[in-house]
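# Overview (structure and organization)
Read off the chains here:
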Amino acid sequence: MPTSCSNVPVHGTMPACDDFRETTCRFTPSAANNDEVTSSLMYVHHLPHVTQFCDAATHQASPPTKHNGLCNHRPVWQVILQHPDFLYDSNPSGEATMNVTPVFTYVRQAPTRYVIVVENTAIMNEQKRWEFLRKAVRKLLVYDVPAGSEVGVVLFNEEARTKLPLAPTPSTLDERQRLATASMPRNPSTTQQGQRCIICGLEEAVVMLKSSGSSAGGVILLVTSGSPQPLSPYDIRQMSAVVTKGGVRVVPIVYPVTAVRDTKPTSGVEKLAQLSGTESFAVLDEGIGSDSKVSMMVALMDALYSALRIFIPHADKLPLLVHKQEFPGGTLSTSHGSFNIDNTLGGEVKFALTYYDLNHVGNTVNLINPHGRIMETLHMQEEDGDVNTIFITVTNAMAGEWKYNVENRADSHQSLCVRVLATPRTADTTTASTDAITLTSWTSNTASPINVSDVENPVVLYAQVLCGESPVVGARVEASLQRLGTNSTGSRYAPVTFLLLDNGSGDADTTRYDGVYSRYLPPQESPAARYTLSVSLGDNNGTARIILSPHVSSSTRQRPHPSNHMSYTGQVGPFGEHYARAHSYHPAWPRCCGSRVPYTSTLPIGNLFRSVTVGVIDLEGGQHSLAHIPPSRIGDLRAEVNVAAQKVTFYWTAPGDRLDHDQAMKYEVIFSRNAAATGQGSGEKTLEWETPKLVGTASSHDMAWGRHDGVYYLAMRAVSKTGVPGPWSNTAEFFMPHPSTTTEINTGGSTQGGVLGGRFGEIGVTTPQPSFLSTRNILAIVGAACGILIVILVMAVYYLLVVTRRRRHNQEKKSIEVLEPAATTTPAGCDTDSETDSITKPPPPPEARVVGEAEMTGKRSMSPIQSWPASTLLAEHERRHPHDTPEGGEAGGEMTLHQPDLGVPYMPTVHPAPPHPFYYHTPNGHYIEDNLPMDSGSMISTQPSESISVYKVDTNTNDNVRQQPSSMTATPISWEGGRRAGTMKVPPPTPPKPTLSAHLTLGGVAATPLGTERKRRNVTQV
């Protein structure tokens, strides 16, 4: 991907790279054939004709470079023109431009020269202020100033005079003590504070510095009392002129801050620190009646030492403050404490116990080493009454946690103060370096006062933690804002503490793992006040480590792609063309936006503590509402593409609610095909992004993606609880290839899948997802659903009609059955189980049923003979047999009988049988007899008369008419064929033959052995 810009394509060579992140995998411009290339100076400045910066026409706004991330995709030339030096055509281009030929001045390093300028007025004579000031200056000259540095002292009231001429600092303790004794008088002057002349003291110091050649580079430590009245603009201009003209650097130390209640920022000597690029310090007045607390003297000593370290070239070689603790008096008990010596320290550990009066320290002062051994310190103690301190020095102190016990006899309004300083450990076989871990802190703006409501110029606090040149990562760096003065109850204000971060979020920390911890000063909703800013360093429960290798070697870097990765197959040109590589993210790769320092190995530190005082800052603007302050900017947004799952995972660091403090309310997310437009807030919006986490928390979000039509860019911003949106983040670039053939894909023909809401992963967040349904698919689904509904409706109507008709038919059938005549009782001897009887009869007696035969209940269908009345039978017979019996026919002779098909099967007889009733074939294949005489449709069972002849349906046998004995009775017939009860012999069944209707169809004529008249009579009677 091209990340630099030029007015025309640049010719050069590109090696064949399998890992495009290797340092050797870079495009190398050619110096021979690039004569038309004129930009950019930030890219190919070595080419002979390059004289321009990138502008809006040539700038590459798409690549996620650090420049685009920090400058919001603006070209370099546009950023330059927005600087105050070029606004409103203040420096127009052309021939009239001033000579800009650079002039180099060579300098050589010289020992630092310090001039201590002290106010000597009556206000210093109150309580113990002057005594404490003398002891603090003495301690600075005897113990703190490096040997060889030149030091002088100037006192001023209404005029200024030199007390100690500028002279080199001796190396021996005795000579230093004599020098310190001569530096400060025992008693101050009686000149009133209002008559002081600060300008006189500064001028005298500059003259002293010039006495050694030049005042340039000199340092002035200005100790003056705080005044409730601001300096006049004239005084400020005069002092500024002295400092600027002399080329000196001034560190103001306000001692003491006399306005105890509600200290407010004033236009005072703090302006000198802003002018010379240094810091200012302040010491709060802690007087009690005619006395002063010893803690005020200790605070002044710390302020002078902190000011001194600003200008020492190798401050890491000086003793470092590793522990400080104050133990209030009035308890008459032993005070206990502990401190840690890390692996980089221990060359010389100095335990300093500062007291108000020597009698406040008892006889017991013990040190306990990390192995638990109690060290006898009586012979190791060094008392210096000139600085009210007892020193105990331990050389080659072992690393670990040290403990101490001090017998505290201080008064109730005084205390004992413990300070522990240590120097770097001497190099030996167990240590590879003599560098100590140092803590340095500063702010992005030295202007005073600082307006916390100004969103255009927020102030960032920085703290750098290094071990030599190696960054220290994973440490706990905590800042503290201590408001000066006391509250309405007379107590100190509670400090405001916050952690500094080295996370590379892009706002305020821009680079991760560089050892620089940073964060915005928190907006304080409070009246204008003066604060002391300090920073402390801890090992963060053992997680702090020293980076040993600041760079990643190519041999140890993990392969960025799997073996089947998709490579870049395009050409260098406008971004987005011929682009066919899926972007993915690997935690081991360097970040693009926000950046981070790669490393391969680290060294554990162990127990660690450092503390520095940044200085005094004045904050104002908090008395008004701060609801307009927006959240901080997200500067480390990045994307990881999962082609198999067709989703994109985004990673970022959670911003704050007001700048980078607290927790924001929600996110706004947009995406588009244009990187610059996306970075400026133009594009499609996505909804239901996850709720912001606490500031500084690593965050991630999954989003299913169904668009495969090119490279997309996504940006986001946080919205505060008051509804104020923050700035847009850097743009995250991603491209989603089409899924493989084994994965379900969108076949609707649309690549503009869109984005929907969905949930992914264990965090349970709601994320945008792509929709795979096009308009055509939606219409097809709706049409199919409508068709199914219509079919269901038609079936329902049909079912309703059929059920209604059947129900009506059943009702009519029941009505007919109700109208039928009731059945009479069957006389004894009748067949009560006839298949042809449709009248419900009582069941036969149990002795008449065959074993295993189930009792039949209900009605049975009527046989044709039962359903036809006699007149119908006669008419049908006459119609089919209109001729008489043929001549010569005798009774008993064989004849062929043609009758209507009454559903009676053919029953042949093998030999003549006596007269018997009709045999009928039942539905279950049995043969039964029916002796029911029919008369006009009535069905009354009677005994057959002797004059009645019966028909034999079998046409292949002779009908023998026999008179039935009067004593014969009908025997019940079982449903099982061939198992008739009684002694009457029944012919066995034979296979069915064509019915009577079939004979009639053939036109055959049948006759019975009886005469025509006899046959007619018999049928009528039947």
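Every chain is numbered on its own, with residues counted from 1 as its sequence reads. With the structure being a predicted model, the display of local features is reserved for residues of pLDDT at least 70 and the display and counting of side-chain atom pairs for 80 or more, all residues being used for whole-chain, interface and lining totals. Calculated side-chain values reflect all of the structure's heavy atoms, with hydrogen atoms and water omitted.

## A closer look at the packing of aromatic side chains
As a reminder, the rule being used: A pair of Phe, Tyr and Trp rings is counted when the ring centres sit within 6.5 Å of each other, with Trp represented by its six-membered ring. The angle between the planes then sorts it: under 30 degrees is stacked, over 60 is edge-to-face, the rest tilted. What counts as a helix is a DSSP run of H or I of at least four residues, what counts as a strand is a run of E of at least two, and both are numbered from the N terminus. When a residue's accessible area, from a 1.4 Å probe over protein chains only, is under 20% of the maximum for its type it is buried; when over 50% it is exposed; and in between it is partly exposed.
Counted under the stated rule, the structure contains 18 aromatic pairs. Here the aromatic rings of F650 and W689 are separated by 5.9 Å at their centres, their planes lie at 55°, and the arrangement is tilted. Taken together, the positions of F650 in strand β32 (residues 647-653) and W689 in the loop between β34 (684-686) and β35 (698-704) put the pair 39 residues apart, joining distant regions of the chain. Given a relative accessible area of 0%, F650 falls into the buried group. An aromatic cluster of at least three residues, connected via ring pairs, comprises F650, W652, Y667, F671, W689, W705, Y712 and F734.

## Describing the pattern of salt bridges
For clarity, the threshold we go by: A side-chain nitrogen of Lys or Arg and a carboxyl oxygen of Asp or Glu constitute a salt bridge if their distance falls within 4 Å.
Taken as a whole and assessed by the stated rule, the structure comprises 17 salt bridges. Between D342 and R610 there is a salt bridge, and its shortest N-O distance comes to 2.9 Å. You can see D342 sitting in the loop between β12 (333-341) and β13 (345-354) and its partner R610 sitting in strand β30 (residues 609-620), a full 268 residues away along the chain. Two residues, D618 and R530, come together in a salt bridge whose shortest N-O distance is 2.8 Å. Taken as a pair, D618 in strand β30 and R530 in strand β27 (residues 529-538) lie far apart in primary sequence, 88 residues in all. Owing to a relative accessible area of 2%, D618 belongs among the buried residues under this scheme.

## Things to note about the packing of helix α3 (residues 129-144) against helix α8 (residues 294-309)
We count it as follows: Between the N-to-C directions of two axes lies an angle of 0 to 180 degrees, each axis being a line fitted to C-alpha atoms and, for a helix, fitted only over the stretch in contact. Note that the term roughly parallel is reserved for angles under 35 degrees, roughly antiparallel for angles over 145, roughly perpendicular for angles of 65 to 115, and oblique for everything else. A crossing counts as left-handed when the near helix is turned anticlockwise from the far one by less than a right angle, and as right-handed when that turn is clockwise. Any two residues whose heavy atoms approach within 4.5 Å at even a single point are treated as in contact. Think of it as three bins: nonpolar holds Ala, Val, Leu, Ile, Met, Phe, Trp, Tyr, Cys and Pro, charged holds Asp, Glu, Lys and Arg, and polar takes everything else, Gly as well.
Contact geometry of α3 with α8 gives a least axis separation of 9 Å together with a crossing angle of 40°. As summarised for this structure, α3 and α8 are arranged oblique, according to the angle between their axes. Here α3 runs over α8; the crossing is right-handed. Taken together, the residues of α8 that come into contact with α3 (itself represented by R129, F132, L133, K135, A136, V137, K139, L140 and D144) are V294, M296, M297, L300, M301, L304, Y305 and L308. Partitioned by chemical class, the residues of the contact of α3 with α8 number 13 nonpolar, no polar and 4 charged.

## Regarding the side chain of D502
Condition: Positive charges come from Lys and Arg alone, negative charges from Asp and Glu alone, with His and the N- and C-terminal ends not counted. Side-chain atoms alone can form a polar contact between residues adjacent in sequence; in general such a contact is a pair of N or O atoms within 3.5 Å, and within protein one must be able to donate a hydrogen while the other accepts it.
Its place among the elements puts D502 in the loop between β25 (496-500) and β26 (516-520). R512 provides the closest opposite charge to the buried, unpaired D502, separated from it by 6.8 Å. Of note is the side chain of D502, whose polar atom sits 3.2 Å from the backbone nitrogen of Y513. Of the polar contacts made by the side chain of D502, one reaches the backbone nitrogen of G515; its length is 3.4 Å. When near neighbours in sequence (up to four residues on either side) are disregarded, D502 contacts V473, D509, T511, R512, Y513, D514, G515, V516 and Y517.

## Topic: the sheet that holds β35
Put simply, the test is: Strand pairing is defined by DSSP finding a minimum of two bridges between the two strands.
Sheet architecture is open: 3 strands sit in the order β31-β32-β35, paired in antiparallel fashion. Of all strands in the sheet, those bounded by a partner on one side alone are β31 (638-642) and β35. On average, each strand axis in the sheet is inclined to that of its neighbour by 20°, with strand direction left out of account. In this structure, β31 lies alongside β32, joined through 5 bridges in antiparallel fashion. Residue N642 lies in a different strand from β32, and its bridge partner there is K647.

## Here's the deal with the pairing of strand β6 (residues 219-224)
Extensive coverage of β6 is indicated by the burial of 6 of its 6 residues. Residues of β6 alternate between two faces, with V219, L221 and V223 on one and I220, L222 and T224 on the opposite face, all of them buried. Sheet topology places strand β3 (residues 113-119) next to β6; 5 bridges connect them, and they run parallel. From the neighbouring strand, V117 faces β6, where its bridge partner is L222. As judged from the 6 bridges shared by β6 and strand β7 (residues 249-257), these two strands associate in the parallel manner. Opposite L222, over in β7, you have P252 as the bridge partner.

## Looking at the state of the cysteines
Which entries qualify depends on this criterion: The criterion for a disulfide is a pair of cysteine sulfur atoms lying within 2.5 Å.
Counted by the stated rule, this structure contains 2 disulfides. For C5, the disulfide goes to C54, at an S-S distance of 1.1 Å. In this structure the cystine formed by C5 and C54 twists about its S-S bond by roughly 70°; its chirality is therefore right-handed. Linking C5 in the segment before β1 (12-13) with C54 in the loop between β2 (28-29) and α1 (66-71), this pair joins segments that are 49 residues apart in sequence. Take C54: its relative accessible area is 1%, and that puts it in the buried class. Disulfide pairing is shown between C197 and C200; the S-S distance is 2.1 Å. Measuring the twist about the S-S bond at about 70°, one finds the C197-C200 disulfide to be right-handed.

## Examining the sheet that holds strand β36 (residues 711-719)
Taken in spatial order, the 4 strands line up as β34-β33-β36-β37 in an open sheet, and their pairing is antiparallel. The open sheet terminates on both sides in strands that have one partner only, identified here as β34 and β37 (732-735). Neighbour to neighbour, the strand axes of the sheet diverge by 30° on average, direction disregarded. In this sheet, β37 lies alongside β36 in antiparallel orientation, the contact comprising 4 bridges. Residue pairing for β37: V711 is matched across the bridge by F735.

## Re a nonpolar patch on the surface
What counts here: Like-charged residues within 9 Å of one another, or nonpolar side chains (Val, Leu, Ile, Met, Phe, Trp, Tyr) within 5 Å, are grouped into patches, provided each residue has over 30% relative accessible area and no salt bridge. Computed by Shrake-Rupley with a 1.4 Å probe, the accessible areas treat only the displayed protein chains as cover when residues are assessed.
Nonpolar side chains collect at one region of the surface, where W77, L81 and F86 lie side by side and expose about 260 Å² of accessible area between them. Note on placement: W77 falls in helix α2 (residues 76-81).

## A word on the confidence of the model for the chain
Detailed reading of the predicted coordinates is not advisable wherever pLDDT is low. To keep things clear, this is the line we draw: Per-residue confidence from the predictor is given as pLDDT, running between 0 and 100.
Residues at a pLDDT of 70 or more form 69% of the chain, whose mean pLDDT is 75. Across the chain, the element-wise mean pLDDT spans from 37 in strand β38 (residues 756-760) up to 96 in strand β4 (residues 150-156). For the stretch residues 551-594, pLDDT sits under 50, and the model shows 83 contacts to residues farther than four places along the chain or on other chains. Here residues 846-860 is a poorly scored stretch, pLDDT under 50, and it has 20 contacts once near neighbours within four places are set aside; other chains count.

## So, the environment of R545
With respect to the helices, strands and loops of the structure, R545 is situated in strand β28 (residues 545-547). Put simply, R545 and T602 are 57 residues apart on the chain and 5.9 Å apart in space, counted from C-alpha to C-alpha. Setting aside anything within four residues of it in sequence, one finds R545 in contact with P471, V472, V473, T602, L603, P604 and I605.

## Looking at α3
Definition in use: Expected helix span is given by 1.5 Å per residue-to-residue step, counting one fewer step than there are residues.
An ideal rise of 1.5 Å per residue puts 22 Å on 16 residues; α3 measures up with 21 Å between its terminal C-alpha atoms. The element α3 is largely enclosed, with a buried count of 13 among its 16 residues.

## Quick notes on the nonpolar core
The line we're drawing: Put simply, a nonpolar core is a bunch of buried Ala, Val, Leu, Ile, Met, Phe, Trp, Tyr and Cys residues held in one set by side-chain atoms that sit within 4.5 Å of each other.
Ranked by size, the top nonpolar core spans 50 residues in total, and within it I116, L133, M184, I253, Y255 and L300 carry the most contacts. No other element matches the 11 residues that α8 contributes to this core. Ignoring sequence-local partners within four residues, the contact set of L133 consists of V118, M184, V223, Y255 and L300. If you look at the next biggest cluster of nonpolar residues, it comprises 36 residues, including A463, L481, L537 and V614.

## Focus: the environment of T532
Take T532: it is sitting in strand β27. A sequence separation of 37 residues divides T532 from P495, and the C-alpha atoms of the two residues are 9.5 Å apart. Once residues within four sequence positions are removed from consideration, T532 is found in contact with A282, S480, L481, Q482, L484, T613, G615 and V616.

## A few points about the pairing of strand β23 (residues 470-473)
Bridging between strand β22 (residues 460-467) and β23 involves 2 bridges; their strand directions are antiparallel. The residue bridging L466 from the neighbouring strand is P471, located in β23. Note that β23 and β28 share 2 bridges and pair antiparallel. Its bridge partner being in β28, V473 is matched across the sheet by R545.

## Re helix α5 (residues 198-210)
In this model α5 runs 19 Å from its N-terminal to its C-terminal C-alpha over 13 residues, within 8% of the 18 Å that 1.5 Å per residue would give. Buried residues of α5: I198, I199, G201, L202, A205, V206, M208 and L209, and no others. On the buried face of α5, the contacting elements are β3, β4, β5 (160-168), β6, α6 (233-246) and α7 (270-276).

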